[in-house]
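The chain contents come next:
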Amino acid sequence: MTLPTKVKLVEVGPRDGLQNEKQQVPASVKVELVHRLQDAGLTEIEVTSFVSPKWVPQMADNATVMAGVKRKSGVRYSVLTPNMQGFEAAITAPSVQWPDEIVVFAAASEAFSQRNINCSIAESIERFRPVVAAALAKNIQVRGAISCTVGCPYEGDIAPKSVALVARLMKDIGVQHIGVADTIGVGTPLKVQHALEAALSVYDINSVSGHFHDTYGQAVANTLRSLEVGIWQFDTSIAGLGGCPYAKGATGNVATEDVVYMLHGMGIETGIDLDRLIDAGQFISDFLQRPTNSRAAKALFNKRMA
Ligand code: HMG
Ligand code: MG
């Protein structure tokens, strides 16, 4: 079996990790988290989202956070933009630094699309169309996320053909890269493989990533299966934080620390310093006054203390 020799991780902790937190996390803490993550060697960071503050109050400080980040050379910063209003906010305010990449997010389930972004799948594509065109015209990269690619909290199992359909719609409007998301973490390795293969029927292997929530403890196994399929790009979240306010019962993303531990153990390069990563996880866990969800971070932290 040939596994990728190098893996790219997109750290989604500051966005997916924090968007579901009930207590308001100050912008200064979010900025500090981004700094710690980049200092640990992460080169792709999803910083915030330009969504409605009524829908996701935790992300209302998006412009302040983007303005506060001290950019590090070699690091790419992304933000979620569900519509033109969000895209314009991401690039217009004078204090805001432009993102290197924007993310438009659709779903493979109609019911989830309605709950999450208040429109049908077809309508979401029409909303994204001008966003993608405007971003590309400004040399901003465009990633697409497809939620609920294996299961939906409202519709149950999702067929791979629904994933292929949304991937095709995304590709047709110019989305350059697609993230296959298991939003509620119900996927098991073969189901996730089938969702990935559906995306791979439209996008090439370098343009598909995995985004796995860990609700049922399957995310590391799903990541390993993805590697075996040849996927080498993953979204992960520091301390395993995360969850979508519109995906009831969904818990955090796969922990960055757990994935890095696995990859390094397999001799796969990430460029990430696991010790510094654990410190970044400890920083945000201390702030949230909650133990980390990362098993590897817990084990290594305890070992340090012994
Ligand atoms: P809408 O209500 O249909 O939008 O919301 P609208 O265009 O009719 O506008 C209604 C109001 O929202 C107006 O304000 C607009 O100004 C405002 P009002 O006049 O009532 O005061 N508005 C905005 N404000 C700020 N920024 C904007 C924006 N757009 C409209 N961009 C909308 C549609 C998409 C905006 C809304 O449904 C929304 O914000 N949803 C948030 C969804 C979200 O953030 N979900 C979590 C992220 S996705 C995720 O976590 C999944 C992922 O991790 C992958 C996975 O795991 O599956 C990526
Ligand atoms: Mg997510």
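Placed above this text is the structure.
What comes next is a walk through the structure. Quantities reported herein were computed from a predicted structural model and do not represent experimental measurements.

### Focus on the pairing of strand E5 (residues 141-147)
At step 1: Taken across its seven residues, E5 has six buried, putting it largely inside the fold.
At step 2: Inspection of the sheet shows strand E4 (residues 101-107) paired to E5 by seven bridges, in the parallel sense. Of the residues in E5, the one forming a bridge with Val103 is Arg143.

### A short note on the side chain of Asn253
At step 1: With respect to the helices and strands, the residue Asn253 is situated in the loop between strand E10 (233-236) and helix H10 (256-265).
At step 2: Polar side-chain contacts of Asn253 include one of 3.5 Å to the side chain of His213.
At step 3: When sequence neighbours within four positions are dropped, the list of residues in contact with Asn253 reads Val12, Asp16, His211, Phe212, His213, Asp214, Ser237, Gly240, Leu241, Gly242 and Gly243.

### So, the pairing of strand E8 (residues 177-182)
At step 1: For E8, the buried fraction is high: six of the six residues fall into the buried class.
At step 2: Every second residue of E8 is oriented toward a common face, with His177, Gly179 and Ala181 on one face and Ile178, Val180 and Asp182 on the other, all of them buried.
At step 3: Relative to E8, E5 is paired through four bridges, and the arrangement is parallel. When the bridges of E8 are listed, Ala145 appears paired with Gly179.

### A few points about the pattern of salt bridges
Oppositely charged side chains are able to pair whenever their charged atoms sit close together.
At step 1: For the structure shown, the criterion picks out 18 salt bridges.
At step 2: Arg36 is the partner of Glu32 in a salt bridge, and the nearest nitrogen-oxygen pair spans 2.8 Å. Here the residue Glu32 and the residue Arg36 both occupy positions in helix H2 (residues 27-39), the gap between them amounting to four residues, near one helical turn.
At step 3: Judged by relative accessible area, Glu32 falls into the partly exposed class, the value being 30%.
At step 4: We note a salt bridge from Arg143 to Asp235, for which the minimum N-O separation is 3.9 Å. Here the residue Arg143 occupies a position in strand E5, and Asp235 occupies one in strand E10, the gap between them amounting to 92 residues.
At step 5: Residue classification places Asp235 among the buried positions, given a relative accessible area of 4%.
At step 6: Residues joined by salt bridges that share partners form a network here, namely Lys8, Arg15, Asp16, Glu44, Glu46, Arg76, Glu101, Arg143 and Asp235.

### Structural notes on the environment of Val29
At step 1: By the element assignment, Val29 lies in helix H2.
At step 2: Between the C-alpha atoms of Val29 and Val103, which are 74 residues apart in sequence, the distance is 23 Å.
At step 3: Not counting the four nearest positions on each side in its chain, Val29 is found in contact with Phe283, Ile284 and Phe287.

### Here's the deal with the packing of aromatic side chains
The description of two aromatic rings rests on the distance between their centres and on the angle between their planes.
At step 1: Counted under the stated rule, the structure contains two aromatic pairs.
At step 2: With 5.3 Å between their ring centres and 55° between their planes, Trp55 and Tyr246 make a pair best called tilted. Of the two residues, Trp55 sits in the loop between strand E2 (44-49) and helix H3 (62-68) while Tyr246 sits in the loop between E10 and H10, which places them 191 residues apart along the sequence.
At step 3: Among the residues examined, Trp55 registers a relative accessible area of 32% and is labelled partly exposed.
At step 4: The residue whose ring lies beneath Arg115 is Tyr154, and the NZ or CZ to ring-centre distance is 4.0 Å.

### Quick word on the packing of helix H6 (residues 121-137) against helix H7 (residues 160-172)
At step 1: Where H6 meets H7, the axes come as close as 10 Å, and the angle between the chain directions of the two elements is 20°. As summarised for this structure, H6 and H7 are arranged roughly parallel, according to the angle between their axes. In this structure, H6 meets H7 at a crossing whose hand is right-handed. Here Ile121, Ile125 and Phe128 of H6 lie close against H7, whose contacting residues are Val166, Leu169 and Met170.
At step 2: Here the residues of the contact of H6 with H7 are counted per class, giving six nonpolar, no polar and no charged.

### Here we look at the layout of surface pockets
At step 1: By volume, the largest pocket amounts to about 680 Å³.
At step 2: Lining of the largest pocket is provided by 40 residues; of these, Val51, Pro82, Phe105, Asn116 and Ile117 occupy positions nearest its centre.
At step 3: Going through the elements one at a time, helix H1 (13-19), E2, helix H4 (84-92), E4, helix H5 (110-117), E5 and E8 are the ones with two or more residues in the lining of the largest pocket.
At step 4: Classifying every residue of the lining of the largest pocket gives 18 nonpolar, 16 polar and six charged.

### Regarding the coordination of the magnesium ion (ligand 2)
At step 1: Coordination of the magnesium ion (ligand 2) by the protein involves Asp16 (OD), His211 (NE2) and His213 (NE2), with metal-donor separations of 2.0 to 2.3 Å.
At step 2: One chain supplies every donor for the magnesium ion (ligand 2), spaced along it as D-x194-H-x1-H. With Asp16 in helix H1 and His213 in the loop between strand E9 (208-212) and helix H9 (219-229), this residue pair connects regions lying 197 residues apart in the sequence. The two residues Asp16 and His213 agree in class, both being buried.

### Notes on the nonpolar core
At step 1: Judged by nonpolar contacts, the single largest core of 97 residues is most densely connected at Leu9, Ile102, Phe128, Met170, Val175, Leu277 and Ile284.
At step 2: Looking at this core, the element that brings in the most residues is H6, giving seven residues.
At step 3: When neighbours within four sequence positions are excluded, Leu9 is seen to be in contact with Leu42, Glu44, Phe234, Thr236, Thr256, Val259, Val260, Leu263 and Ile272.

What counts, and at which threshold
Residues numbered from 1 in each chain as written. Chains lettered and ligands numbered in written order. Predicted model: local features only at pLDDT ≥ 70, side-chain atom pairs only at ≥ 80, totals over all residues. Heavy atoms only, no water. Buried < 20%, exposed > 50% of the residue type's maximum accessible area, 1.4 Å probe, protein only. Helix = DSSP H or I, 4+ residues; strand = E, 2+ residues; numbered from the N terminus. Pairing = 2+ DSSP bridges. Polar contact = N/O pair within 3.5 Å; in protein donor to acceptor, adjacent residues only side chain to side chain. Contact = heavy atoms within 4.5 Å. Salt bridge = Lys/Arg side-chain N within 4 Å of Asp/Glu carboxyl O. Phe/Tyr/Trp six-rings, centres within 6.5 Å; stacked < 30°, edge-to-face > 60°. Lys NZ or Arg CZ within 6 Å of the ring centre and 35° of its normal. Axes fitted to C-alpha atoms, helices over the stretch in contact; angles between N-to-C directions. Parallel < 35°, antiparallel > 145°, perpendicular 65-115°, else oblique. Left-handed = near helix turned anticlockwise from the far one by under 90°. Nonpolar A, V, L, I, M, F, W, Y, C, P; charged D, E, K, R; others polar. 1 Å grid on protein atoms, 1.4 Å probe; cavity = no way out; pocket = protein on both sides within 12 Å on 5 of 7 lines; lining within 4 Å. Points joined across faces, edges and corners; volume = space filled by probe spheres on them. Donors = N, O, S within 2.8 Å, 3.2 Å for Na, K, Ca; no water. Core = buried A, V, L, I, M, F, W, Y, C linked by side-chain atoms within 4.5 Å.

Scope: geometric values only; no functional claims are made or implied.
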